[in-house]
Amino acid sequence: MGQIQAASAIEPTAVTPRELMSKHRLTAEEAEQIERAGHLFPGGALGGNALSEDAKFVFSRGEGARFWDTSGNEYIDYVLGSGTFFLGHAHPRIQRAISEQASRGTHFFAYLNEQAIEFATRLKPIIRCCERMRFTTSGSDSTFHAIRLARGFTGRDKILKFEGAYHGAHDYAQVSTTPKNPLEFPSGTSDTAGIPRAVSDLTFVAPYNDASALESILKEHASEIAAVIIEPIQRIIRPRDGFLQKVRELCTRFNIPMILDEVVTGFRYGLGGAQDYFDVVPDLATYGKIIGGGLPVGLVAGRADIMDQADPSNKGKEGYVYQNGTLQGHMLGCVAGMATLDVLSEDRVYERTFERAEHLRDGLRRVFTDNRMGILVFGEGPMWHMLFTEKEPENWRDILAADGAKLAKMEPELLRQGLFVLPGNRRFISIQHNEDDLEATFEAADRVCKALKS
Ligand SMILES: Cc1ncc(COP(=O)(O)O)c(C=O)c1O
């Protein structure tokens, strides 16, 4: 992969703040696309997130921190493919890596290929818990396999997750991710129809940031629990000082594998992710999003004794754990991932991005304070959020207590002013958001406040 990208080559297109006055007007062509999608996809949506009726659009292209819809409306992107595009859209280094590889073949099933070996060689010293690893094809795929490996290793069926945490779309993860009427701990509620009760009953739920609650659940149920799975920063909620270390200590004491879900934090809080940032080493860690540079790549990494259960030479023997997938180790994903590591290894990339995120939070605080909105802006490093509340949330129930209706009213306005944020969820910034993007954001946010007040 070689040379590190010159900083100037990754500067986004220069667009002055005033040019960003998105009018969110749709051409007949875009309106027709939306109408057509309504007959193609359930709810006219590609997945679980639909835009509100009065602020719909169709993505056409992205570059750096911005994207354009079919009608040519321009947006500043704070969703970034659900946090995948930490490098911004269409990064030239990723484009180059993908197109060079595409002409040599892209995949040979999950058999060894040169690019996967090269990529894994670079990842191993970066990921502290990694003695062995397996590529997967998404974050959900990673958490699914990590849980199976932990179950195989311990011979236990249940897992423990934290209320409000998201670990993917599969049956073992869809418990108490956003419960509107939470139950008493450690019971959880299934988030979707279609999961057998016998499966959702396998999950204990604990309050995030509460080590003593975790300890009492483990005291009672440790012998049933195969893994404690945790997001180091739960959605946007920061761990209290020492909380992750306490989880680590309890997992060790009760002999339960700790799975650190780094799908969001991996490569975003430094190359070493949350393990370095918070100084915590789990038994297994799961990755997705940034690791594949925008291609479908995930990873499970961890202790050799747990990972080696998936050694295919043990197929058919007691203790073998099946871990496989047609597209594992996909070469386009591996080269895009290596290009991502190249860019993130550049001098001061993280420092610059963290500083810019702080500047963004400060500027938004100023706008919201000047407009007396009662909005709290908070976040850690390149993730931020805004809630109608006074106290920074420490767990899911604090988020529930914030005024979600007010936020839901504001979000389509933000979109109409050209700011794309994920409704009700944390926001991301990329290494390519620049001062122009921030200024444009402050101006747009100010217009939104004035519009809402009038
Ligand atoms: C912490 C965490 N784990 C797992 C997942 C699932 O990843 P994917 O959507 O790639 O399946 C996500 C997705 O947002 C996530 O945020």
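Keep in mind the model is a prediction, meaning the values are calculated, not measured.

### Brief notes about the site of the ligand
Line of reasoning, step 1. Gly139, Ser140, Arg235, Asp261 and Lys289 are the nearest of the 13 residues found near the ligand.
Line of reasoning, step 2. Contact distances for the ligand include 2.6 Å between an oxygen atom and a side-chain N or O atom of Arg235.
Line of reasoning, step 3. One nitrogen or oxygen atom from the side chain of Asp261 is found 2.7 Å from a nitrogen atom belonging to the ligand.
Line of reasoning, step 4. Considered on its own, the ligand offers 390 Å² of accessible surface; in the complex 83% of this is hidden by protein.
Line of reasoning, step 5. By residue class, the composition of the shell around the ligand is three nonpolar, five polar and five charged.

### Describing helix H12 (residues 349–370)
Line of reasoning, step 1. Along its 22 residues, H12 runs 32 Å from first to last C-alpha, staying within 8% of the 32 Å computed at 1.5 Å per residue.
Line of reasoning, step 2. Within the sequence span of H12, burial applies to Val349, Tyr350, Thr353, Ala357, Leu360, Arg361, Gly363, Leu364, Val367 and Phe368. Along the axis of H12, the buried positions cluster into a sector of 170°, meaning they face one direction only. The exposed set on the far side of H12, more than 90 degrees from its buried face, consists of Thr369 and Asp370.
Line of reasoning, step 3. Against helix H11 (331–344), strand S11 (376–380), strand S12 (383–387), helix H14 (404–416) and helix H15 (435–453) lie the buried residues of H12.

### Comments concerning the packing of H14 against H15
Line of reasoning, step 1. Their axes nearest at 10 Å, the elements H14 and H15 cross at an angle of 130°. Here H15 runs oblique to H14, going by the angle between their axes. Crossing angle aside, the handedness with which H14 passes H15 is right-handed. Residues Lys409, Met410, Glu413 and Leu414 of H14 lie in contact with H15, whose contacting residues are Val448, Cys449 and Leu452.
Line of reasoning, step 2. Looking at the contact of H14 with H15, its residues break down into five nonpolar, no polar and two charged.

### Topic: the packing of aromatic side chains
Line of reasoning, step 1. For the structure on display, the rule yields 21 aromatic pairs.
Line of reasoning, step 2. Considering the side-chain rings of Phe119 and Phe135, the 5.5 Å spacing of their centres and the 10° angle between planes classify their relative orientation as stacked. Taken together, the residues span a long stretch of sequence, with Phe119 in helix H4 (residues 114–123) and Phe135 in strand S4 (residues 132–136) at a distance of 16 residues. Take Phe119 and Phe135: they sit in the same class, and that class is buried.
Line of reasoning, step 3. Centroid distance Tyr208 to Phe243: 5.2 Å. Interplanar angle 75°. Geometry classified as edge-to-face. In this pair, Tyr208 is assigned in the loop between strand S6 (203–206) and helix H7 (211–221) and Phe243 in helix H8 (residues 243–253), connecting sequence segments 35 residues apart. When sorted by exposure, Tyr208 lands in the same class as Phe243, which is buried.

### With respect to the pairing of strand S2 (residues 66–69)
Line of reasoning, step 1. Side chains of S2 alternate between two faces, with Arg66 and Trp68 and Phe67 and Asp69 buried alike.
Line of reasoning, step 2. Of the pairings in the sheet, the one linking strand S1 (residues 59–63) to S2 comprises four bridges and is antiparallel in character. Counted as the bridge partner of Gly62 is Phe67 from S2.
Line of reasoning, step 3. Counted along the chain from S1 to the antiparallel partner S2, the turn is two residues long, and its residue Gly64 has a positive phi close to 60°.
Line of reasoning, step 4. As paired strands, S2 and strand S3 (residues 74–77) are joined by three bridges and run antiparallel to one another.

### Notes on a nonpolar patch on the surface
Line of reasoning, step 1. On the surface, Leu40, Phe41 and Leu46 cluster together to form a nonpolar patch covering roughly 350 Å² of accessible area.
Line of reasoning, step 2. Inspection of the secondary structure puts Leu46 in the loop between helix H1 (28–40) and S1.

### Considering the domain arrangement of the chain
Line of reasoning, step 1. What the domain assignment reports for the chain is domain 1 (7–91 + 348–453) and domain 2 (107–329).
Line of reasoning, step 2. Averaged C-alpha coordinates put domain 1 and domain 2 at centres separated by 29 Å.
Line of reasoning, step 3. On the domain 2 side, the residues contacting the 26 residues of domain 1 number 28 residues.
Line of reasoning, step 4. Our count for the domain 1 to domain 2 interface comes out at four salt bridges.
Line of reasoning, step 5. Sorting the residues of the side of domain 1 that touches domain 2 by element identifies helix H2 (80–83), H12, S11, S12 and helix H13 (396–401) as the ones contributing at least two each.
Line of reasoning, step 6. Counting residues per element, the side of domain 1 that touches domain 2 draws most heavily on H13, at four residues.
Line of reasoning, step 7. Tallied by class, residues from the side of domain 1 that touches domain 2 come to 13 nonpolar, eight polar and five charged.

The rules behind each value
Residues numbered from 1 in each chain as written. Predicted model: local features only at pLDDT ≥ 70, side-chain atom pairs only at ≥ 80, totals over all residues. Heavy atoms only, no water. Near = heavy atom within 4 Å. Polar contact = N/O pair within 3.5 Å; in protein donor to acceptor, adjacent residues only side chain to side chain. Areas by Shrake-Rupley, 256 points an atom, 1.4 Å probe, with all protein chains shown as cover. Nonpolar A, V, L, I, M, F, W, Y, C, P; charged D, E, K, R; others polar. Helix = DSSP H or I, 4+ residues; strand = E, 2+ residues; numbered from the N terminus. Expected span 1.5 Å × (residues − 1). Buried < 20%, exposed > 50% of the residue type's maximum accessible area, 1.4 Å probe, protein only. Arc of directions from axis to C-beta. Contact = heavy atoms within 4.5 Å. Axes fitted to C-alpha atoms, helices over the stretch in contact; angles between N-to-C directions. Parallel < 35°, antiparallel > 145°, perpendicular 65-115°, else oblique. Left-handed = near helix turned anticlockwise from the far one by under 90°. Phe/Tyr/Trp six-rings, centres within 6.5 Å; stacked < 30°, edge-to-face > 60°. Pairing = 2+ DSSP bridges. Patch = residues over 30% accessible without salt bridge, like charges linked within 9 Å, V, L, I, M, F, W, Y side chains within 5 Å. Salt bridge = Lys/Arg side-chain N within 4 Å of Asp/Glu carboxyl O. Domains from an automatic or database assignment.

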